[in-house]
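Residue strings, one per chain:
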Amino acid sequence: MIDEMKHAAMANAIRVLAMDAVEKAKSGHPVLPMGAADIATILFTKYLKFDPIDPLWPNRDRFILSAGHGSMLLYAILHLLGSDDMPMSELENFRQLESKTPGHPEHGWTHGVETTTGPLGQGLGNAVGMAIAERAMNAAFGDDLVNHRTYVLASDGDLMEGISHESISLAGHLRLSNLIVLFDDNGISIDGPIDLAESGDMIGRFDAAAWDTRRIDGHNPDEIEAALDWAQTNDRPTFIACQTQIGFGSPNKAGKAAAHGAPLGAEEIAATRQALGWSEAPFTIPSDILDAWRLAGLRSKQNRKEWEKHYAGLDGEQKSAFDRRLRGDLPVGFDDAMAEYKRELVKDAPTIATRKASERVLNVINAEIPETIGGSADLTGSNNTRSTDQETFSADDYGGRFIHYGIREHGMASAMNGMALHGGVIPYSGTFLVFSDYCRPAIRLAALMKLRVIHVMTHDSIGLGEDGPTHQPVEHMASLRAMPGLVTFRPADATETAECWQLALKQKDRPSLLALTRQNLAPVRRQYAENNLCARGAYTVRDGAEDGADVTIFAAGSEVGIALAAADLLAERDIPARVVSVPSFELFEEQSPEYQAELIGNSPVRIAVEAGIRLGWDRFVGSDGLFVGLSDFGASGPYKDVYRHFGLTEEAVAEAAAARLETLKDTA
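Figured I'd write up the structure that's included with this text. (Residues numbered from 1 in each chain as written. Predicted model: local features only at pLDDT ≥ 70, side-chain atom pairs only at ≥ 80, totals over all residues. Heavy atoms only, no water.)

So, the overall build of the chain
And step 1. Counting secondary structure elements, the chain contains 26 helices and 18 strands.
And step 2. In terms of overall dimensions, the chain is globule-like: its C-alpha atoms have a radius of gyration of 28 Å, near the 26 Å expected for 668 residues.
And step 3. C-alpha atoms of the chain, sized along the principal axes, occupy 90 × 55 × 45 Å.
And step 4. Every one of the 668 residues in the chain was classed for burial, and the buried ones make up 60%.
And step 5. In the chain, 77% of the contacts between residues at least 6 apart in sequence involve partners at least 24 apart. (Helix = DSSP H or I, 4+ residues; strand = E, 2+ residues; numbered from the N terminus. Rg over C-alpha atoms; globule rule 2.2 N^0.38 Å. Buried < 20%, exposed > 50% of the residue type's maximum accessible area, 1.4 Å probe, protein only. Contact = heavy atoms within 4.5 Å.)

Here it is in structure tokens:
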């Protein structure tokens, strides 16, 4: 049996720190930590394998506070356990600029924060990815090196968000028994009682998704402990609905929405202290209670030391592979393999869709890099994201390297973030570019957290043809290029596709997105280049006359071929034209001002061509430059007819350039 008085005192330490920090900041959510304190106390003192002195220990359990608005729960625990990164001064500085205690937990900013949460449901989605990565690493390196669990504290809001359905059904299908979700079932949201908006049965929902489920009293330490004991033995993911009272201990606000996102106020805090039997001043923890927490913080030290002993005894090859994968370094021979593959492309000069070119280069990549794990949202044959040697990652084989995510784009993108956060694997997956809208919240968080995840987005324009405007992306590239920290690629042929994949894999601290065609494209690059030309974001694929070009045409992806054909037409009219391929706006912006100025040049006529909207192209052509593209949604029909319908042809480009040049001559 648990010593209830000791447990209550330890849990109350979380409650008062949350109250005090939110009150001092005059901002925040104190009542979730107050309600979930009993759950967290049992979890962190008896179950979670976590050493606050070494928070990045590879075989630690992961704790995900999916309900990120309750961040003071995690910050208080980190302080109480003895994290060097969380002195009391940081709790007193809650929600202040550059503190270690931001309003919502931020990965990479505070030790012990496994992922950035706040957008509800994302933490749960990340946790599924972490559980997948743990199983994949376990399959590669064995139980002694990789064997840990992922715990989630989720709120009603997390489970209302649509992503939760995608994530829990995927986890149940994969039988991720290393995943345990603790539901803070307090029955309250910002607007009031949950039954204002929700009548569903959460237990029934998780039962239907093939989870093991249990409902407990979230304030009864014996029930919490019994449920967590039971969870350790399950062969499916576990869902524990912990019935709690939001703001537990507050005489006038407990169980009410009133304090969901606001300080309790000095008067209510004083009353709560009295109700909890807590007489200490703000931000003061009695030594006996702090000692009990610090002793709990030492609980996993022996586990870590035993793991380190096993790690030290590994043979050199296995240790080197494990370390390399955790560092995120690519294998030494990768660049040589890619160089050889580029030589083959120049020799073969294939006319193929860039989605097919991506599939071919993945055969090289996945043979060289054993940690890549691919997938698709039920579009494997369309996205071409599965290489010939990839087996399926499944409940029966966690050693597989291809995940069938089903039609769960949002859950897929969030799971990939969790896989990258776990470390040791490089996730990539595919869907149609138009469905990047479904993935966008997770892509944004990947950029915020600086994660190497790679999104393969095919059917990248009106070039997909007959499926029509519902499936034809028009504004998507401009929208994605606007996102800070995301590197977008739109390659023009098979060689550029290989180079863009190479660059994406080398982005250790940011996500990438490859936009690829459905339609076949002729080679743009017919000469081997040792350097990766796409690395500069934009480069000249055809020069004009020696004394300068009258016209420079900038294009990306499938429209580079149109630009080259337009340059041929202009040459027939004795108008020298230069063509610039722009596979990556972001990489171009990272080049020197001198290179940027040289590449943009000083042609009197500058024109951009893309099967999308103009937004972003003024960087190359100026506000008075020409643009041949789209300003409305697409249309259904064979893709060549659709291109002609919208005036996206070499004739239209050449005519627009020639007409502008003539106008300039007339006004000179």
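So, the packing of aromatic side chains
And step 1. By the definition in use, this model includes 19 aromatic pairs.
And step 2. With 6.2 Å between their ring centres and 50° between their planes, Trp307 and Phe322 make a pair best called tilted. Linking Trp307 in helix H12 (residues 301–312) with Phe322 in helix H13 (residues 316–327), this pair joins segments that are 15 residues apart in sequence. Each member of the pair Trp307 and Phe322 is classed as buried.
And step 3. Ring geometry for Phe588 against Phe620: centres 5.0 Å apart, planes inclined by 35°, an arrangement best described as tilted. Of the two residues, Phe588 sits in helix H22 (residues 585–589) while Phe620 sits in helix H24 (residues 618–621), which places them 32 residues apart along the sequence.
And step 4. These aromatic residues form a ring-pair network of at least three members: Phe554, Phe585, Phe588, Trp617 and Phe620.
And step 5. When the ring centre of Trp109 is taken as origin, the NZ or CZ atom of Lys100, which lies over that ring, is 5.5 Å away.
And step 6. Here the basic side chain of Lys319 rests over the ring of Tyr311, its NZ or CZ set 5.0 Å away from the ring centre. (Phe/Tyr/Trp six-rings, centres within 6.5 Å; stacked < 30°, edge-to-face > 60°. Lys NZ or Arg CZ within 6 Å of the ring centre and 35° of its normal.)

With respect to the side chain of Asp156
And step 1. Along the chain, Asp156 falls in helix H6 (residues 156–160).
And step 2. Despite its burial, Asp156 pairs with no opposite charge, the nearest such side chain being Arg205 at 8.9 Å.
And step 3. Setting aside residues up to four positions removed in sequence, Asp156 forms contacts with Phe183, Asp184, Asp185, Asn186, Gly187, Ile188 and Ile194. (Lys, Arg positive; Asp, Glu negative; His and termini not counted. Salt bridge = Lys/Arg side-chain N within 4 Å of Asp/Glu carboxyl O.)

With respect to the nonpolar core
And step 1. Core analysis: the biggest nonpolar cluster contains 66 residues, and Met72, Leu228 and Trp293 have the highest contact counts within it.
And step 2. Excluding residues within four positions of it along the chain, Met72 makes contact with Leu17, Ala18, Ala21, Val22, Pro33, Leu91 and Phe94.
And step 3. Among the nonpolar cores identified, the runner-up in size contains 54 residues, and Leu174, Ile403, Ala446 and Met449 belong to it. (Core = buried A, V, L, I, M, F, W, Y, C linked by side-chain atoms within 4.5 Å.)

Quick word on the packing of helix H7 (residues 162–173) against helix H17 (residues 409–422)
A pair of packed helices is captured by two measures, namely the crossing angle of their axes and the spacing between those axes.
And step 1. Between H7 and H17, the shortest axis-to-axis distance is 8 Å and the interhelical angle comes to 70°. In terms of orientation, H7 lies roughly perpendicular with respect to H17. Between H7, through Ile163, Glu166 and Ser167, and H17, the contact on the second element is made entirely by Glu409, His410, Gly411 and Ser414.
And step 2. When the residues that make up the contact of H7 with H17 are grouped by side-chain class, the tally is one nonpolar, four polar and two charged. (Axes fitted to C-alpha atoms, helices over the stretch in contact; angles between N-to-C directions. Parallel < 35°, antiparallel > 145°, perpendicular 65-115°, else oblique. Nonpolar A, V, L, I, M, F, W, Y, C, P; charged D, E, K, R; others polar.)

Let's talk about helix H23 (residues 593–600)
And step 1. Among all positions of H23, only Tyr595, Gln596, Leu599 and Ile600 are buried. Along the long axis of H23, the arc covered by the buried residues comes to 125°, so they all point the same way. Those residues of H23 that are exposed and angled more than 90 degrees off the buried face are Pro593, Glu594, Ala597 and Glu598.
And step 2. Residues of H23 that are buried in the fold lie against strand S14 (539–542), strand S15 (551–555), strand S16 (577–581), H22, strand S17 (605–609) and H24.
And step 3. Looking one or two residues past H23, Gly601 carries a phi angle of roughly 70°, positive in sign. (Arc of directions from axis to C-beta.)

Examining the state of the cysteines
In a disulfide, the sulfur atoms of two cysteines are held together by a covalent bond.
And step 1. The full count for this structure, using the stated rule, is zero disulfides.
And step 2. For the unlinked cysteine Cys439, the closest cysteine sulfur is that of Cys500, found at 19 Å. (Disulfide = S-S within 2.5 Å.)

Examining the pattern of salt bridges
And step 1. If you walk through the whole model with that rule in mind, you get 30 salt bridges.
And step 2. As a salt-bridge pair, Arg644 and Asp641 come within 2.4 Å of each other at their nearest N and O atoms. Here Arg644 pairs with Asp641, and both are found in helix H25 (residues 639–645), just three residues apart, close to one helical turn.
And step 3. Note on Asp641: relative accessible area 38%, which makes it partly exposed.

As for the sheet that holds S16
And step 1. Pairing in this open sheet of five strands is mixed, and the strands run S14-S16-S15-S17-S18 from one edge to the other. Single-partner strands in this sheet number two, and they are S14 and strand S18 (626–628). Strand after strand, the sheet turns through a mean of 30° between neighbouring axes, direction not considered.
And step 2. Alignment of S15 against S17, held across five bridges, turns out to be parallel. Directly across from Phe554, in S17, lies its bridge partner Ala608.
And step 3. Most of the contacts of H23 go to S16, to which it runs at about 135°, and overall it touches S14, S15, S16 and S17. (Pairing = 2+ DSSP bridges.)

Side note on the sheet that holds strand S1 (residues 62–65)
And step 1. Sheet architecture is open: five strands sit in the order S1-S2-S3-S7-S6, paired in parallel fashion. Every interior strand has two partners, whereas the edge strands, S1 and strand S6 (212–217), have only one. Averaged over neighbouring strand pairs, the angle between their axes works out to 15° when direction is ignored.
And step 2. As paired elements, strand S2 (residues 150–154) and strand S3 (residues 179–185) share five bridges and run parallel to each other. Counterpart to Val152 in the pairing with S3 is Val181.
And step 3. Lying over the sheet, helix H9 (residues 221–231) contacts S2, S3, S6 and strand S7 (238–243), oriented at roughly 170° with respect to S6.

As for the packing of helix H1 (residues 4–25) against helix H3 (residues 71–81)
And step 1. Viewed as axis vectors pointing N to C, H1 and H3 meet at an angle of 120°, and their least axial separation amounts to 9 Å. Here H1 lies oblique to H3, going by the angle between them. H1 and H3 meet at a crossing whose hand is right-handed. Along its contact with H1, which presents Ala13, Ile14, Leu17, Ala18, Ala21 and Val22, the element H3 presents Met72, Leu73, Ala76, Ile77, His79 and Leu80.
And step 2. For the contact of H1 with H3, a count of residues per class yields eleven nonpolar, one polar and no charged. (Left-handed = near helix turned anticlockwise from the far one by under 90°.)

What to know about the pairing of S1
And step 1. Side chains Arg62 and Ile64 project from S1 onto one buried face, and the interleaved Phe63 and Leu65 project onto a second face that is buried too.
And step 2. Pairing between S1 and S2: four bridges, direction parallel. Looking across to S2, one finds that Leu65 is bridged to Leu153.

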